[in-house]
Amino acid sequence: MMKRLHTVHITHNQVVIDGVERRVKSCGKALLTELYNDEVGDYPRFFKMDMLCRLGFVATELLLKAEGKPRFEEGDDRAVVLFSCSGSCLSDMLFEETIRHREACFPSPAAFVYTLPNIVTGEIAMRNRYHGETNLMLLTRRNDELMERQIEGVLADSTCRSVITGWIDAEGEDRFEAEVWIANGI
Amino acid sequence: MIKIIADNIYSPLGSGTAENYDAVLQGRSRLRLHEGKWGLPEAFMASLFEEGEIEGRFASAYPQAEDYSRFEQMMLLSATQAVAESGIDASSPRTLLVLSTTKGNVSLLENNSCAVTDSATHLSIAAERIARFFGNPNLPLVVSNACISGVCAIIVAQRNLQSGAYDNAVVIGGDEQSAFIVSGFQSFKALSSVPCRPFSVNRHGLNLGEAAATVVMARDTAREGWTLQAGAIRNDAYHLSSPSRQAEGSYRVLRAVMKGFDAEALAVINTHGTATLYNDEMESVAIQRAGLDAVPVNGYKGIYGHTMGAAGVLETILTMHALDKGTLLPTRGFDELGVSCKLVVVTAPTPTRKHAFIKMMSGFGGCNAAILMNKR
């Protein structure tokens, strides 16, 4: 059994926190930067991140603010397990561009690392000092029953008390969606 | 109780677990230096299938099959064998398909065949096509958790079986190599131009490899098989591409899976052992911190290279089979210990009567996983 605490929903032009719409000025990629500037501001790593990670990062920042508990305490009782459809497809295409012309082939490690879809969960764990489970699973479409079963499974680990989880997908700079929440074991 | 009831390895060393096991015991490897491959400016050492090898085998096995990519064919050639051996009904709604892969069909991008909106390279699409091959009606899961994907997929499958929603799970791990992946690892300066030397003082990086490996898992079965005793996944919360100096996540997974289990019963710890400076050093710290440094360790990257999505599954299978034959497999490429914590590295086939082992993994994104396997 589990309880769902707080929900943050972000699309290219809308932000809803626990059912209440938050007013925003920008849309698309700029919306994420606006949220970063308004709500965080002191974590310049944000600007190194790809779209998927920026989306996951700001969504969880808003989520943890809504939770209102002390932040950045080291521990392994919180997991970060996210679900996606397109995964790292945007970063895949960016990296592919850098090797397309073999005579000018300069792949960058910073670009390559974001071609792993699980990096978003690592970014969130690193930011918050979570040593709990991190995982990313891909589905052709969102399926809440299947996702819930996976989250129950994560909570079956006796060390785990809560999971930051949800759906995260970035298909383009103007096409993305994140709905994240905290699942607590009962 | 969750057991592994059938398995398969399909690699450049052979088709089927038995063929692979024999090749490994004979000290064989398909690690070769590839020069000019895919037009890449820099040569690289890797274990790859011969050109056309997968396609030829697939076409003769399934002449009526629809158009599958090379990656999908490789995965299917492994999965179909394991499913046949298990005797389970892969088309049943009580069977779950779990795919473990990091980059799946990413090589299709190279052919410029995908527009931005095209989903052909989505990992979930590959999984759906594989599910359709088996006529499986469930939404398949893809675990893509960097290098630890295979071990994670086994843990995910275990939990799904324990939930009671399924009776069987087919876990298929694999990755094909491509200019995309090789150039990415080259950009990290992580690749060795000679066969890799896990845990050795002279190690200078990893080799890549391609393979597919499958385990079929079942709940509450009377059949003989290895039991998945415990599994854990933890994060370093330290850095995206280099492991924690204190082996924070890796130590925590070892501690978690060993809870209440006697280290004396462990035959071996099968490591990630990539032969990069950082990984091997970190694993030695984790093993020592967990108080497991008296347990023999081995690693298979000097045989297969790093097979990415396959690695966790393939290396688990090989260790199960070795212990079934009462043997610890050697760490090909190892010469002289080059990590700060004293490890007992297996260097030659060694007899054992123990029937438990740990498979451990670490990967980009700071993730770590371990499973404890046991056979009574």
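Residues numbered from 1 in each chain as written. Chains lettered and ligands numbered in written order. Predicted model: local features only at pLDDT ≥ 70, side-chain atom pairs only at ≥ 80, totals over all residues.

S.K.: What should I look at first to understand the overall build of chain B in this one?
M.R.: What chain B contains, in helices and strands, is 11 helices and 17 strands. Overall, the C-alpha framework of chain B stretches about 55 × 55 × 40 Å when taken along its three principal axes. Out of the 376 residues in chain B, the part that is buried amounts to 63%. Look at the contacts in chain B between residues 6 or more apart in sequence, and 78% of them connect residues 24 or more apart. (Helix = DSSP H or I, 4+ residues; strand = E, 2+ residues; numbered from the N terminus. Buried ≥ 20, exposed ≤ 12 C-beta atoms within 10 Å, placed from the backbone. Contact = placed C-beta atoms within 7 Å.)

S.K.: What's the story with the interface of chain B and chain A in this structure? I'm lost.
M.R.: Often, the extent of an interface is quoted as the loss of accessible area on bringing the components together. Taken together, the contacts link 50 residues of chain B with 48 residues of chain A. At the level of elements, α4 (107–110), α5 (123–134), β6 (141–143), α6 (149–162), α7 (179–187), β10 (226–235) and α8 (248–258) of chain B are the ones that each hand at least two residues to the side of chain B that touches chain A. For the side of chain B that touches chain A, the element with the most residues is α7 of chain B, which contributes 6 residues. Of the residues that constitute the side of chain B that touches chain A, the class distribution is 26 nonpolar, 18 polar and 6 charged. Bridging between strand β5 (residues 134–138) of chain A and β6 of chain B involves 2 bridges; their strand directions are antiparallel. Within β6 of chain B, the position partnered with Met137 of chain A by the bridge is Val143 of chain B. (Nonpolar A, V, L, I, M, F, W, Y, C, P; charged D, E, K, R; others polar. Pairing = 2+ DSSP bridges.)

S.K.: Explain the domain arrangement of chain B here, please?
M.R.: Residues and elements named next belong to chain B. Parsing chain B into structural domains produces domain 1 (2–219) and domain 2 (226–374). The interface of domain 1 with domain 2 comprises 57 residues on the first partner and 56 residues on the second. When contributions to the side of domain 1 that touches domain 2 are tallied by element, the ones reaching two or more residues are β1 (2–11), α1 (17–25), β4 (44–47), α6, β7 (168–175), β8 (208–209) and β9 (211–219). In terms of residue count, α6 provides more of the side of domain 1 that touches domain 2 than any other element does, 7 residues in total. A breakdown of the residues in the side of domain 1 that touches domain 2 according to their chemical character gives 29 nonpolar, 22 polar and 6 charged. (Domains from an automatic or database assignment.)

S.K.: Is there a simple way to explain helix α6 (residues 144–155) of chain A in this structure?
M.R.: Every α-helix carries 3.6 residues per turn, so stepping three or four residues along brings you back to the same face. Taking 1.5 Å of rise per residue, the 12 residues of α6 of chain A would be expected to cover 16 Å, and the 16 Å separating its terminal C-alpha atoms lies within 8% of that figure. Of the residues making up α6 of chain A, those classed as buried are Met147, Gln150, Ile151, Gly153, Val154 and Leu155 of chain A. In this structure, the buried side of α6 of chain A is in contact with β1 (2–11), β4 (78–84), β5, β6 (162–172) and β7 (175–185) of chain A together with α6 of chain B. (Expected span 1.5 Å × (residues − 1).)

S.K.: Please clarify how the environment of Glu148 of chain A should be interpreted in this entry.
M.R.: Residues and elements named next belong to chain A. By the element assignment, Glu148 lies in helix α6. On the basis of neighbour count, Glu148 is assigned to the partly exposed category, with 15 C-beta atoms found within 10 Å. Distance from Glu148 to Ser91, taken between C-alpha atoms, is 28 Å for residues 57 residues apart in sequence.

S.K.: Whenever I open this one, the pairing of strand β5 (residues 95–100) of chain B confuses me. Can you help?
M.R.: For a regular strand, side chains alternate in direction, first toward one face of the sheet and then toward the other. All names here are of chain B. Within β5, 6 of the 6 residues are buried, which leaves it mostly tucked inside the rest of the structure. Residues of β5 alternate between two faces, with Thr95, Leu97 and Leu99 on one and Leu96, Val98 and Ser100 on the opposite face, all of them buried. The pairing of β5 with β7 spans 6 bridges and is classified as parallel. Residue pairing across strands places Leu99 opposite Ile172, the latter belonging to β7. Two strands pair when backbone bridges link them, and β5 and β6 are joined in this way by 3 bridges, in the parallel orientation.

S.K.: So what exactly am I meant to see when it comes to the nonpolar core here?
M.R.: Generally speaking, a soluble globular protein has its nonpolar side chains buried in company with each other. Ranked by size, the top nonpolar core spans 193 residues in total, and within it Leu55 of chain A together with Val98, Ile130, Val171, Leu254, Val257 and Ala369 of chain B carry the most contacts. Take this core: its biggest share by element is 10 residues, from helix α2 (residues 51–67) of chain A. Each of two domains, domain 1 (2–219) and domain 2 (226–374) of chain B, supplies a minimum of three residues to this core. Among all residues touching Ala369 of chain B, those that are not within four sequence positions of it are Ile148, Val151, Cys152, Ile155, Ala232, Ile233, Val253 and Met361 of chain B. (Core = buried A, V, L, I, M, F, W, Y, C linked by C-beta atoms within 7 Å.)

S.K.: Would you explain the confidence of the model for chain B in this entry?
M.R.: Of the residues in chain B, 98% have a pLDDT of 70 or more, and the chain-wide mean is 96. Both scores are given for the predicted complex: the pTM is 0.98, the ipTM 0.98. (pLDDT = per-residue confidence, 0-100.)

S.K.: Would you mind showing me how to read unusual backbone geometry here?
M.R.: Keep in mind that most residues, glycine aside, have a negative phi and that most peptide bonds are trans. Residue and element names in this part refer to chain B. Backbone geometry places Ala146, a non-glycine residue, at a positive phi of 50 degrees. Tracing the backbone through its elements, the reader meets Ala146 in the loop between β6 and α6. The backbone of Ala237 sits at a positive phi, close to 50 degrees, despite the residue not being glycine. Following the sequence through the fold, Ala237 ends up in the loop between β10 and α8. The class of Ala237 is buried, set by 24 C-beta atoms lying within 10 Å.

S.K.: What am I meant to see in the packing of α1 of chain B against helix α11 (residues 311–324) of chain B here?
M.R.: Helix-helix packing is described using two parameters, namely the angle between the two axes and the distance between the axes. Residue and element names in this part refer to chain B. Look at α1 against α11: their axes get within 10 Å of each other, and the N-to-C directions meet at 75 degrees. Looking at the two axes, α1 sits roughly perpendicular to α11. The residues of α11 that touch α1, namely those facing Thr17, Asn20, Tyr21 and Val24, are Ile317, Leu318 and His321. By residue class, the composition of the contact of α1 with α11 is 4 nonpolar, 3 polar and no charged. (Axes fitted to C-alpha atoms, helices over the stretch in contact; angles between N-to-C directions. Parallel < 35°, antiparallel > 145°, perpendicular 65-115°, else oblique.)

S.K.: I would appreciate a short explanation of the packing of α6 of chain B against α11 of chain B in the present structure.
M.R.: All names here are of chain B. α11 packs onto α6 with a crossing angle of 75 degrees between their chain directions and a minimal axis gap of 5 Å. Relative to α11, the element α6 is oriented roughly perpendicular. Facing α6, whose interface residues are Ser149, Gly150, Val151 and Ile154, α11 presents Ala311, Gly312, Val313 and Thr316. Residue composition of the contact of α6 with α11, grouped by class: 4 nonpolar, 4 polar and no charged.

S.K.: Looking at this model, I keep getting lost on the sheet that holds β4 of chain B. Mind explaining?
M.R.: Strands belonging to one sheet form pairs held by backbone hydrogen bonds; the direction of such a pair is parallel or antiparallel. Residue and element names in this part refer to chain B. Ordered in space as β3-β4-β8, the 3 strands form an open sheet in which the pairing is mixed. At either margin of the open sheet sits one strand with a lone partner, and together these are β3 (31–34) and β8. Two strands pair when backbone bridges link them, and β3 and β4 are joined in this way by 4 bridges, in the antiparallel orientation. Its bridge partner being in β4, Arg32 is matched across the sheet by Ala46.

S.K.: Just to check I follow, could you spell out the pairing of β1 of chain A for this structure?
M.R.: Residue and element names in this part refer to chain A. Of the pairings in the sheet, the one linking β1 to β7 comprises 9 bridges and is antiparallel in character. From the neighbouring strand, Arg4 faces β7, where its bridge partner is Ala183. Where β1 lies against strand β2 (residues 14–17), 4 bridges are found, and the strand directions are antiparallel. Bridge pairing in β2 links Thr11 to Gln14.

S.K.: So what exactly am I meant to see when it comes to the environment of Pro63 of chain B here?
M.R.: Residues and elements named next belong to chain B. Along the chain, Pro63 falls in the loop between α2 (53–61) and α3 (70–86). Here Pro63 falls in the exposed class, since 7 other C-beta atoms lie within 10 Å of it. Between the C-alpha atoms of Pro63 and Leu123, which are 60 residues apart in sequence, the distance is 25 Å.

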